[in-house]
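# Overview (structure and organization)
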Amino acid sequence: MQELICNIEFDQEDDQFVAKLRTEMGGLREYTSVTFEEVLNMVMIELQEEFA
């Protein structure tokens, strides 16, 4: 059985990368940066803190 624990969307708007993270516990959060790596790192840290 599969269970959806989060939804992540990545977009590039002009010169910035945007990540939209939605979880049941944390709701909707948005992260922006000029590099994709930094946005991905922010999302990973947030998920580690929430699900640890």
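Take a negative patch on the surface next. A contiguous patch of negative charge, built from Glu9, Asp11, Glu13, Asp14, Asp15 and Glu30, is present on the exposed surface. Of all the elements, strand β1 (residues 6–13) adds the most residues to the negative patch, at three residues. Within the fold, Asp11 resides in strand β1.

This brings us to the side chain of Ser33. Of note, Ser33 is situated in strand β3 (residues 27–33). Among the polar contacts listed, one links the side chain of Ser33 to the backbone nitrogen of Thr35, at a separation of 3.3 Å. For Ser33, the side chain forms a polar contact with the side chain of Glu38, separated by 3.0 Å. In contact with Ser33, not counting residues within four places along its chain, are Gln16, Phe17, Glu38, Val39 and Met42.

Let us now look at the pairing of β1. Pairing of β1 with strand β2 (residues 16–23) involves eight bridges; the strand directions are antiparallel. If you follow Cys6 over to β2, its bridge partner there is Thr23. With antiparallel pairing between neighbouring strands as the criterion, β1 and β2 make up a hairpin whose turn holds two residues, including Asp14 at a positive phi of roughly 55 degrees.

With that out of the way, let us pick up the packing of aromatic side chains. If you walk through the whole model with that rule in mind, you get two aromatic pairs. Between Phe10 and Phe36, the ring centres sit 5.2 Å apart and the planes meet at 65 degrees, which makes this aromatic pair edge-to-face. You can see Phe10 sitting in strand β1 and its partner Phe36 sitting in helix α1 (residues 36–51), a full 26 residues away along the chain. Geometrically, the ring pair formed by Phe17 and Phe36 is edge-to-face, given 5.9 Å between the ring centres and 70 degrees between the ring planes. Highlighted residues: Phe17 in strand β2 and Phe36 in helix α1, separated in sequence by 19 residues. Through a chain of ring-to-ring contacts, the aromatic side chains of Phe10, Phe17 and Phe36 assemble into a single cluster.

Calculation notes
Residues numbered from 1 in each chain as written. Predicted model: local features only at pLDDT ≥ 70, side-chain atom pairs only at ≥ 80, totals over all residues. Heavy atoms only, no water. Patch = residues over 30% accessible without salt bridge, like charges linked within 9 Å, V, L, I, M, F, W, Y side chains within 5 Å. Areas by Shrake-Rupley, 256 points an atom, 1.4 Å probe, with all protein chains shown as cover. Salt bridge = Lys/Arg side-chain N within 4 Å of Asp/Glu carboxyl O. Lys, Arg positive; Asp, Glu negative; His and termini not counted. Charge placed at Lys NZ, Arg CZ, Asp CG, Glu CD. Helix = DSSP H or I, 4+ residues; strand = E, 2+ residues; numbered from the N terminus. Polar contact = N/O pair within 3.5 Å; in protein donor to acceptor, adjacent residues only side chain to side chain. Contact = heavy atoms within 4.5 Å. Pairing = 2+ DSSP bridges. Phe/Tyr/Trp six-rings, centres within 6.5 Å; stacked < 30°, edge-to-face > 60°.

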